[in-house]
Each structure stands twice: as structure tokens, then as C-alpha cells.
Amino acid sequence: MTYKIVSRQFDLDVDGSSLTGYLARPEGDSAFPAVLVGAELWGLTEDARRIVDRVAELGYVAFVVNVYHRSGPETAAGLAETDENRTRAFGLLGELTRDGVEADFRAAIAYAREYGAATDKTGVLGFSLGGHLAYFAATRLDLDAAAIFYPGWLTTAGTALSRPEPLLAATETIAKGDVRLLLFFAELDHVIDAEQREQVEAALNQAGVRHESVVYPGTKHAFFFPDREPYDEAAAADSWRRTAELFASELG
């Protein structure tokens, strides 16, 4: 079933800074589970908003926020995909903190429940940096499910929220929260290669996290988005179907 949706932009005060977000939900007054979307490196772009809309059409209160907001209001519109902005975005990553991102996500979830009529069932979905953020969210928040697409920088310290230690070191907290994970990887990914994938799998198994990992043969990083050179239609369709099934199973 595909729902007709309504959407809105919102702004929240978090730590004295204006956190901009985008929320979409099915029409009407019924309550639906919440799904937090983790944006890519480029921030709160049209691609991120379109993912929110697609999730909402499945029957969820979906939303995404600009985690770069503490670096300035100009980040609220996202970044165009250029080499110059890639360098700028990595600078923005260096200003993120775990406590700051957690505060952003908690504020957005509270907003989704108060103004979006979301239930207390909550999932997270993220791509690349957003996958990294989704993994982090599973270590800190009361979540039921996480769909994580080709997450970067989990196994080595120094980038995004893998500071001061690799984010993978917090995997045991995912098991304690009983969050079910579904991870999607590209076989030829330059961001998270086969060795790193094995490290992630080993950590999840050792911690006893309920999870499934899917590696799509012959695919590259960012295979999900149609307007990207690495787009793989079959992998994108299969991963979306699995994501919908995960949320239907764990969120209702």
C-alpha cells in the first residue's frame, strides 16, 4: 500500500542553534511509527527529502535533519555535489560530536511524536555518511530497527563520529538495545572494502546483534540513487524491498 503524504520543513532550537529538518507523513490523523533518515555527506538535499517522502509513502512519519547546523545557518539547504563542497563537507564532519548528533536526533524524534503523531516505535535509515549516523543512532537511541546502506568510517578512528575511537567499538550497545540491523554493501565499494566489511560482521556477531548483511556483486558505493553514475537498478530495488520488509516486521 502506498499512502498519500503531507510534508513540512521545521526548525528546532538545539543547544542554542537552529536545527532545520524536513518531515513527511501519511495524510490524516492516524498515528504511524517514526523513521529517522540519515542524510549523505551533502546534508539536507533534495535527495534526502525524496527518501523521506518514499519512507512516508510506506506508512511512516519520516524525517531528516541538518546535523551540520552548528557550523552555520548556510548549511541548512545542503551542499551541491562538487569537489569543492566535498572538501568543505569533510571539514564539517570534523565539527560533529557524538553528543551533539544525539541531541539533534532526540529533538527530531520528540518533534515527530508531538507534531507528527508518531508512535514510540522508531526506525532509522541512512546512506553512506547517513549509514554511519544510523549505526551511531543504534548505539545511543531507543530504536527497533536500522537499515544501513554502505556506511563509511566505522572501523577506523578519525572521521565523522569515529572519534575518539572507531564507532564499531560501540557495537555491544546495539545488542543491549535489541536493535535489528539490516546492512547493505557494495562489493566494489571504495569507502568500505571487503576487509572492513568482515570487521563489521565480526563485531556484530561477537556482540550478538540481530542483523543481516547483504553484499551486491559488481556494485559500487552510492548504488542506490538513480542520478548517480554507480546506480544499480537491481540492487536499489532489492535493498528497498528488504528495507520495507524490515520496517514492516519491526515497526508494524
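Residues numbered from 1 in each chain as written. Predicted model: local features only at pLDDT ≥ 70, side-chain atom pairs only at ≥ 80, totals over all residues. Heavy atoms only, no water.

1. Things to note about helix H4 (residues 129-140)
For clarity, the threshold we go by: Elements are defined by DSSP. Helices are runs of H or I of four residues or more, strands are runs of E of two residues or more, and each kind is numbered from the N terminus. Multiply 1.5 Å by the residue count of a helix minus one, and that product is the helix's expected span. When a residue's accessible area, from a 1.4 Å probe over protein chains only, is under 20% of the maximum for its type it is buried; when over 50% it is exposed; and in between it is partly exposed.
With 12 residues, H4 extends 17 Å between its outermost C-alpha atoms, agreeing within 8% with the 16 Å of an ideal straight helix rising 1.5 Å per residue. A large share of H4 lies buried, amounting to 11 of its 12 residues. Restricting attention to buried positions, one finds in H4 the residues Leu-129, Gly-130, Gly-131, His-132, Leu-133, Ala-134, Tyr-135, Phe-136, Ala-137, Ala-138 and Thr-139.

2. With respect to the environment of Ala-207
For the record, the criterion: Residues count as neighbours in contact if any of their non-hydrogen atoms are within 4.5 Å of one another.
By secondary structure assignment, the location of Ala-207 is in helix H6 (residues 194-207). Taking C-alpha positions, Ala-207 is 11 Å from Gly-177, a pair spaced 30 residues apart along the chain. In contact with Ala-207, other than residues within four places in its own chain, are Thr-171, Glu-172 and Ala-175.

3. Points about the side chain of Asn-66
Note that Asn-66 resides in the loop between strand S4 (61-65) and helix H2 (83-93). If sequence neighbours within four positions are ignored, Asn-66 has contacts with Leu-19, Thr-20, Leu-44, Thr-75 and Ala-76.

4. A closer look at the UniProt feature "domain: Dienelactone hydrolase" (unreviewed entry) in the protein
Stated precisely, the cut-off is as follows: UniProt positions are given in the numbering used here, feature names are shortened, and annotations may be inferred rather than shown by experiment.
Per the UniProt record, "domain: Dienelactone hydrolase" (unreviewed entry) is found at residues 20-249. Between the end C-alpha atoms of residues 20-249 the distance is 30 Å, and the span holds 39% helix and 20% strand.

5. Points about the pattern of salt bridges
Which entries qualify depends on this criterion: Within this document, salt bridges are pairs made up of a side-chain nitrogen of Lys or Arg and a carboxyl oxygen of Asp or Glu, the two lying within 4 Å of each other.
Per the stated rule, a full pass over the model turns up 21 salt bridges. One salt bridge in this structure joins Asp-15 and Arg-70, with 2.8 Å as the shortest N-O distance. Here Asp-15 is found in the loop between strand S1 (5-14) and strand S2 (17-26), whereas its partner Arg-70 is found in the loop between S4 and H2, with 55 residues between them in sequence. In this structure, the salt-bridge partner of Asp-47 is Arg-228, at a minimum N-O distance of 2.9 Å. Of this pair, Asp-47 sits in helix H1 (residues 46-57) while Arg-228 sits in the loop between strand S8 (211-216) and helix H7 (233-250); the two residues are 181 residues apart in sequence, bridging distant segments of the chain. Since its relative accessible area comes to 8%, Asp-47 is described here as buried. Judged by relative accessible area, which is 11%, Arg-228 ranks as buried. By sharing partners, the salt bridges in this structure join Glu-40, Asp-47, Arg-50, Glu-81, Asp-227 and Arg-228 into a single network.

6. Structural notes on the side chain of Ser-128
As for its placement among the helices and strands, Ser-128 is situated in the loop between strand S5 (118-127) and H4. With residues up to four places along the chain from it excluded, the contact list for Ser-128 reads Phe-149, Tyr-150, Pro-151, Gly-152 and His-221.

7. What about the sheet that holds S1?
The condition is simple: For two strands to be treated as a pair, DSSP must find no fewer than two bridges joining them. The convention used is that axes are lines fitted to C-alpha atoms, helices contributing only their stretch in contact, and that angles between N-to-C directions extend from 0 to 180 degrees.
With mixed pairing, eight strands are arranged side by side in an open sheet as S1-S2-S4-S3-S5-S6-S7-S8. Both edges of this open sheet fall to S1 and S8, since each of them pairs with a single strand only. Averaged over all neighbouring strand pairs, the angle between strand axes comes to 20°, with direction disregarded. As paired elements, strand S3 (residues 32-38) and S4 share four bridges and run parallel to each other. Paired with Val-37 across the two strands is Val-64, which belongs to S4. Contacts from H4 reach S3, S5, strand S6 (145-149) and strand S7 (180-186) within the one sheet, and its direction differs from that of S5 by about 140°.

8. Topic: the pairing of S4
Applicable threshold: With the strands pointing away from the viewer, any crossover whose connection runs clockwise from the first strand over the helix to the second is right-handed.
The element S4 is largely enclosed, with a buried count of five among its five residues. Of the two faces of S4, both are covered, the one formed by Val-61, Phe-63 and Val-65 as well as the one formed by Ala-62 and Val-64. As paired strands, S2 and S4 are joined by four bridges and run antiparallel to one another. Bridging across to S4, Ala-24 finds its partner in Ala-62. Handedness of the crossover joining S3 and S4 through H1: right-handed.

9. Quick word on the packing of aromatic side chains
To be explicit about the condition: A pair of Phe, Tyr and Trp rings is counted when the ring centres sit within 6.5 Å of each other, with Trp represented by its six-membered ring. The angle between the planes then sorts it: under 30 degrees is stacked, over 60 is edge-to-face, the rest tilted. The rule for a charge over a ring is simple: NZ of Lys or CZ of Arg within 6 Å of the ring centre, and within 35 degrees of the ring normal.
As enumerated under the stated definition, the model contains 18 aromatic pairs in all. With a centroid separation of 5.5 Å and an interplanar angle of 80°, the aromatic rings of Phe-224 and Phe-225 are classed as edge-to-face. The two residues Phe-224 and Phe-225 agree in class, both being buried. Each residue in the set Phe-127, Phe-149, Tyr-150, Phe-184, Tyr-216, Phe-223, Phe-224, Phe-225 and Trp-240 is aromatic and connected to the rest through ring pairs, giving one cluster. Its end group placed over the ring of Trp-240, Arg-54 keeps NZ or CZ at 4.1 Å from the ring centre. In this structure, Arg-228 packs its charged tip against the face of Phe-225, placed 4.7 Å from the ring centre.

10. Comments concerning the nonpolar core
We apply this condition: Among buried residues, those of type Ala, Val, Leu, Ile, Met, Phe, Trp, Tyr and Cys that are joined through side-chain atoms within 4.5 Å constitute a nonpolar core.
One finds Phe-63, Tyr-68, Leu-93, Phe-105, Tyr-135, Leu-181 and Leu-183 to be the most contacted residues of the largest nonpolar core, which totals 56 residues. No other element matches the seven residues that H4 contributes to this core. Here Phe-105 is in contact with Leu-36, Val-65, Val-67, Leu-133, Ala-137 and Leu-141, once residues within four sequence places are set aside. Counting 35 residues, the second largest nonpolar core, distinct from the first, contains Ala-147, Phe-225, Ala-236 and Leu-251.

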